[in-house]
Amino acid sequence: ETGVTQTPRHLVMGMTNKKSLKCEQHLGHNAMYWYKQSAKKPLELMFVYSLEERVENNSVPSRFSPECPNSSHLFLHLHTLQPEDSALYLCASSQAGQGARTEAFFGQGTRLTVV
Amino acid sequence: GNSVTQMEGPVTLSEEAFLTINCTYTATGYPSLFWYVQYPGEGLQLLLKATKADDKGSNKGFEATYRKETTSFHLEKGSVQVSDSAVYFCALKKASGGSYIPTFGRGTSLIVHP
């Protein structure tokens with residue numbers, strides 16, 4: 001397997017549920033990102049992990065909790081979400097050590113619907 | 001801080017028309033610049049990139065030139081196809097507190113009619 005894989009592709013959850021999104025990369029990268037993409041809004045950077053340390057947290061509500069157990073895996077734990085959290089959640093990875101020159105590789109996203 | 005500004009969409013063209021999607025950026029120093037494309041139901045894919053001033057990135061008939069004097073990276077294609085219909089994102093990547101964080105524009109939707 002190559003590239004960035006996100007599971008599940010689609011998720012419907014109630015506001016009281018707890019669920020997790022999973023991202024896995026097989027590119028040997030050491031930086032991973034979570035983005036939120038909502039209709040008619042810019043791509044929002046949520047979290048950045050570089051060398052397994054969280055280096056960016058853009059004022060994301062605490063109902064979103066990231067976890068990066070190793071450089072290949074990234075999770076987004078969800079609990080007590082709101083309907084406005086419904087969006088496409090995109091995971092990406094890149095090679096932090098090569099600086100700005102390298103592009104980010106994206107997964108296909110998880111389409112989340114909160115009911 | 002760093003930012004990317006793209007033209008508002010949607011851009012609607014007939015097949016074989018010429019395409020330009022404008023992108024300008026704000027950043028200190030020398031960021032790398034990228035164009036990504038997102039097809040319906042998919043994540044973003046890299047389309048092309050340029051890492052220094054006057055570089056031209058090209059792929060699949062698309063081109064963009066890194067213009068530092070105008071802080072621009074406009075996307076062009078001479079003859080679009082229906083299959084080019086997608087959302088196009090301009091992005092830059094630059095150091096931020098010891099890390100390199102990609103910053104994206106809002107995206108421009110392109111619709112190509114037969």
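Parameters and conventions
- Residues numbered from 1 in each chain as written.
- Chains lettered and ligands numbered in written order.
- Predicted model: local features only at pLDDT ≥ 70, side-chain atom pairs only at ≥ 80, totals over all residues.
- Heavy atoms only, no water.
- Contact = heavy atoms within 4.5 Å.
- Buried area = accessible area lost by both parts, 1.4 Å probe.
- Salt bridge = Lys/Arg side-chain N within 4 Å of Asp/Glu carboxyl O.
- Helix = DSSP H or I, 4+ residues; strand = E, 2+ residues; numbered from the N terminus.
- Pairing = 2+ DSSP bridges.
- Axes fitted to C-alpha atoms, helices over the stretch in contact; angles between N-to-C directions.
- Phe/Tyr/Trp six-rings, centres within 6.5 Å; stacked < 30°, edge-to-face > 60°.
- Buried < 20%, exposed > 50% of the residue type's maximum accessible area, 1.4 Å probe, protein only.
- pLDDT = per-residue confidence, 0-100.
- Core = buried A, V, L, I, M, F, W, Y, C linked by side-chain atoms within 4.5 Å.
- Disulfide = S-S within 2.5 Å.

A. A look at the interface of chain B and chain A. Tallying the contact residues gives 20 residues for chain B and 27 residues for chain A. In total, chain B and chain A occlude about 1800 Å² of area from one another, counting both sides; carbon and sulfur atoms represent 54% of this. One salt bridge in this structure joins K49(B) and E103(A), with 2.8 Å as the shortest N-O distance. Of all the secondary structure elements, the ones that give two or more residues to the side of chain B that touches chain A are strand 5 (32–38), strand 6 (44–50), strand 10 (86–96) and strand 11 (99–104) of chain B. Among the elements that make up the side of chain B that touches chain A, the one with the highest residue count is strand 11 of chain B (5 residues).

B. Seen up close, the sheet that holds strand 3 (residues 19–21) of chain B. Residues and elements named next belong to chain B. The antiparallel open sheet is built from 4 strands, whose spatial order is 3-9-8-7. Both outer strands of the open sheet, strand 3 and strand 7 (56–59), are each paired with one neighbouring strand and no more. Direction aside, the axes of adjacent strands within the sheet are offset by 15° on average. Direction of pairing for strand 8 (residues 62–65) relative to strand 9 (residues 75–77): antiparallel, over a ladder of 3 bridges. Bridge pairing in strand 9 links F62 to K77.

C. The packing of aromatic side chains, seen in detail. Residue and element names in this part refer to chain B. Under the defined criterion, the tally for this structure stands at 11 aromatic pairs over all chains. Look at F62 and Y88: their rings are 5.6 Å apart centre to centre, the planes differ by 40°, and that puts the pair in the tilted class. In this pair, F62 sits in strand 8 while Y88 sits in strand 10, placing the two residues 26 residues apart along the sequence. Residue classification places Y88 among the buried residues on the basis of a relative accessible area of 0%. Pairing F89 with F104 gives two aromatic rings, centres 6.5 Å apart and planes at 85°, and the pair type is edge-to-face. Taken together, the residues span a long stretch of sequence, with F89 in strand 10 and F104 in strand 11 at a distance of 15 residues.

D. Molecular detail of the confidence of the model for chain A. Residues at a pLDDT of 70 or more form 95% of chain A, whose mean pLDDT is 90. No element of chain A has a lower mean pLDDT than strand 6 (residues 53–57) of chain A, at 74, and none a higher one than strand 3 (residues 18–25) of chain A, at 97.

E. Structural context of the nonpolar core. Core analysis: the largest hydrophobic core is formed by 25 residues, its most contacted members being L19(B), W35(B), L48(B), F73(B), L75(B) and Y88(B). The set of elements that each furnish at least two residues to this core consists of strand 2 (11–14), strand 3, strand 4 (23–26), strand 5, strand 6, strand 8, strand 10 and strand 12 (108–113) of chain B. With 4 residues, the single largest contributor to this core is strand 10 of chain B. If sequence neighbours within four positions are ignored, L75(B) has contacts with L19(B), T20(B), I21(B), W35(B), L47(B), L48(B), F62(B), E63(B), A64(B) and Y88(B). Among the nonpolar cores identified, the runner-up in size contains 22 residues, and F47(A), C68(A), L76(A) and Y89(A) belong to it.

F. View of the sheet that holds strand 7 (residues 64–70) of chain A. All names here are of chain A. The 4 strands lie next to each other as 1-3-8-7, forming an open sheet whose pairing is antiparallel. Looking at strand neighbours, the two that pair on one side only are strand 1 (4–7) and strand 7, the edges of this open sheet. Recorded for the sheet is a direction-independent mean angle of 20° between the axes of neighbouring strands.

G. Representation of the state of the cysteines in the model. Residue and element names in this part refer to chain A. Following the criterion strictly, the structure yields 2 disulfides over all chains and no others. At a sulfur-sulfur separation of 1.9 Å, the disulfide partner of C23 is C91. When the S-S torsion is -75°, as for the bridge of C23 with C91, the disulfide is left-handed. Residue C23 is found in strand 3, and its partner C91 is found in strand 9 (residues 87–94); the two are separated by 68 residues along the sequence. Of the cysteine sulfurs around C68, a residue in no disulfide, the closest is that of C91, at 9.1 Å.

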